[in-house]
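One-letter residues, chain by chain:
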Amino acid sequence: MKFTIAPSILSADFSDLSGELKKINAIYDSWVHLDVMDGHFVPNLTFGPCVVKSIRNVSDIFFDVHLMVEYPENLIGAFYNSGANAITFHIESTHFPMRLIKMTKEFGVRVGVALNPATPVEQIFPILEFLDIVLVMSVEPGFSGQKFIPFSLEKIRRIADFRKKHGLNFLISVDGGVNEETAKNILLAGADVLVMGSYFFKNDYNRVVKFIEHLREK
Ligand code: DX5
Ligand code: ZN
């Protein structure tokens, strides 16, 4: 199976981010997933553009920024300037997704839309043709280490069916509870990118690498 691995540094050792980035860089076809939380859209706080900018200085890898914030329009420019390669905002965080898509594309970075578990896939059907990435949240956003919500698989399948039917080519990324038990079914449902937080950083690195290789051989 062909897929991209996007480890989320939310579960990494923040006292050694450059060491953690090397672990990600050593994985074939990988991105760094950067979870930005504002304490309002989600009940947790993480980091802002300064942190992203400083790790940009030590890495060339693709930066996949996931904004879990209110008023994402206020931050898109700052994350572009900090070195983001893709910026994803939540459909629940705006009434004007087309405006945000246009704004993000004007910076020349890839644009994604994320949807929370309870948000129906139909809500994003009208805008799918304008997107580079759809981020399906398979846990409620805000924290790593939560259990994968099984109905997410059906949402992935329906988005993948729509993509096929309309000849579109955005990537489907899946975020939350991705691990040895869930990854294969997520890929079979149609995902292209696996975001991995706790599974990637809280397990033995060699075991994680072996599992990813094994999955690629299937
Ligand atoms: C949750 C974040 C995720 C998180 C995933 O709000 O968007 O990216 O880091 O963590 P795991 O893989 O542990 O569920
Ligand atoms: Zn995320």
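Keep in mind that what you see is a predicted model, and the values were worked out from it rather than measured.

### Re the coordination of the zinc ion (ligand 2)
Link 1 in the chain: For the zinc ion (ligand 2), the full set of protein donor atoms is His33 (NE2), Asp35 (OD), His66 (ND1) and Asp175 (OD), and the range of their distances to it is 2.0 to 2.3 Å.
Link 2 in the chain: In primary-sequence terms, the residues that donate to the zinc ion (ligand 2) follow H-x1-D-x30-H-x108-D. Separated by 33 residues along the polypeptide, His33 in strand S2 (residues 31–37) and His66 in strand S3 (residues 62–68) bring together distant segments of the chain.
Link 3 in the chain: Of the residues examined, His33 reaches a relative accessible area of 1% and is grouped as buried.

### Topic: the pairing of strand S7 (residues 171–175)
Link 1 in the chain: Among the five residues that make up S7, four are buried, leaving the element largely enclosed by the rest of the structure.
Link 2 in the chain: The sheet contact formed by strand S6 (residues 133–137) and S7 spans five bridges and is parallel. Among the inter-strand pairings, Met137 is bridged to a residue of S7, identified as Asp175.
Link 3 in the chain: In this fold, S6 hands off to helix H5 (residues 152–165), which returns the chain to S7; that crossover is right-handed.

### Description of the site of ligand 1
Link 1 in the chain: For ligand 1, the set of nearby residues contains 20 residues, the closest of which are Asp35, Gly142, Gly145, Asp175 and Ser198.
Link 2 in the chain: In the environment of ligand 1, an oxygen atom lies 3.0 Å from a nitrogen or oxygen atom belonging to the side chain of Ser8.
Link 3 in the chain: Within the side chain of His66, one N or O atom sits 3.3 Å away from an oxygen atom of ligand 1.
Link 4 in the chain: Burial of ligand 1 by the surrounding chains reaches 100%, relative to a free accessible area of 380 Å².
Link 5 in the chain: Judged by the fraction of its atoms near the pocket grid, ligand 1 is located in the largest pocket.

### Regarding the pattern of salt bridges
Link 1 in the chain: Summed over the entire model, instances satisfying the criterion amount to six salt bridges.
Link 2 in the chain: Between Glu20 and Lys23 there is a salt bridge; the shortest N-O distance is 2.8 Å. With Glu20 and Lys23 both in helix H1 (residues 17–25) and three residues apart, the pair spans about one turn of that helix.
Link 3 in the chain: A residue is classified by how much of its surface remains accessible, and Lys23, at 31% relative accessible area, is partly exposed.
Link 4 in the chain: The residue Glu106 makes a salt bridge to Lys102 at a minimum N-O spacing of 3.1 Å. Of the two residues, Glu106 and Lys102 are both situated in helix H4 (residues 97–106); the distance of four residues between them amounts to about one turn of the helix.

### A few points about unusual backbone geometry
Link 1 in the chain: If you check the backbone angles, Asp29 has positive phi at about 50° while not being a glycine.
Link 2 in the chain: Relative to the elements of secondary structure, Asp29 occurs in the loop between H1 and S2.
Link 3 in the chain: A residue is classified by how much of its surface remains accessible, and Asp29, at 23% relative accessible area, is partly exposed.
Link 4 in the chain: Despite not being glycine, Tyr71 has its phi angle at roughly 55°, a positive value.
Link 5 in the chain: Within the secondary structure, Tyr71 is located in the loop between S3 and helix H3 (76–81).

### Some thoughts on the environment of Ser138
Link 1 in the chain: Locating Ser138 in the fold gives a position in the loop between S6 and H5.
Link 2 in the chain: Taking the C-alpha atoms as reference, Ser138 lies 20 Å from Thr94; in sequence the two are 44 residues apart.
Link 3 in the chain: Apart from residues no more than four positions distant in its own chain, Ser138 is found in contact with Lys147, Phe148, Ile149, Ser152, Val174, Asp175 and Gly176.
Link 4 in the chain: In terms of polar contacts, Ser138 uses its side chain to reach the backbone carbonyl oxygen of Gly176, at 2.7 Å.

### Observations regarding the packing of aromatic side chains
Link 1 in the chain: Tallying each qualifying case throughout the model produces seven aromatic pairs.
Link 2 in the chain: Seen from their ring centres, Phe14 and Phe47 are 6.0 Å apart, and the 45° between their planes marks the pair as tilted. Pair noted here: Phe14 is in the loop between strand S1 (4–7) and H1 and Phe47 is in the loop between S2 and helix H2 (49–56), with a separation of 33 residues, a long-range link.
Link 3 in the chain: A residue is classified by how much of its surface remains accessible, and Phe47, at 8% relative accessible area, is buried.
Link 4 in the chain: Here the basic side chain of Arg56 rests over the ring of Phe63, its NZ or CZ set 3.8 Å away from the ring centre.
Link 5 in the chain: In this structure, Arg216 is placed above the aromatic ring of Phe3, and the distance from its NZ or CZ to the ring centre is 4.4 Å.

What counts, and where the lines are drawn
- Residues numbered from 1 in each chain as written.
- Chains lettered and ligands numbered in written order.
- Predicted model: local features only at pLDDT ≥ 70, side-chain atom pairs only at ≥ 80, totals over all residues.
- Heavy atoms only, no water.
- Donors = N, O, S within 2.8 Å, 3.2 Å for Na, K, Ca; no water.
- Helix = DSSP H or I, 4+ residues; strand = E, 2+ residues; numbered from the N terminus.
- Buried < 20%, exposed > 50% of the residue type's maximum accessible area, 1.4 Å probe, protein only.
- Pairing = 2+ DSSP bridges.
- Right-handed = clockwise from strand over helix to strand, strands pointing away.
- Near = heavy atom within 4 Å.
- Polar contact = N/O pair within 3.5 Å; in protein donor to acceptor, adjacent residues only side chain to side chain.
- Areas by Shrake-Rupley, 256 points an atom, 1.4 Å probe, with all protein chains shown as cover.
- 1 Å grid on protein atoms, 1.4 Å probe; cavity = no way out; pocket = protein on both sides within 12 Å on 5 of 7 lines; lining within 4 Å.
- Sits in = over half its atoms within 2 Å of the grid points.
- Salt bridge = Lys/Arg side-chain N within 4 Å of Asp/Glu carboxyl O.
- Contact = heavy atoms within 4.5 Å.
- Phe/Tyr/Trp six-rings, centres within 6.5 Å; stacked < 30°, edge-to-face > 60°.
- Lys NZ or Arg CZ within 6 Å of the ring centre and 35° of its normal.

The values are spatial; any link to function lies outside them.
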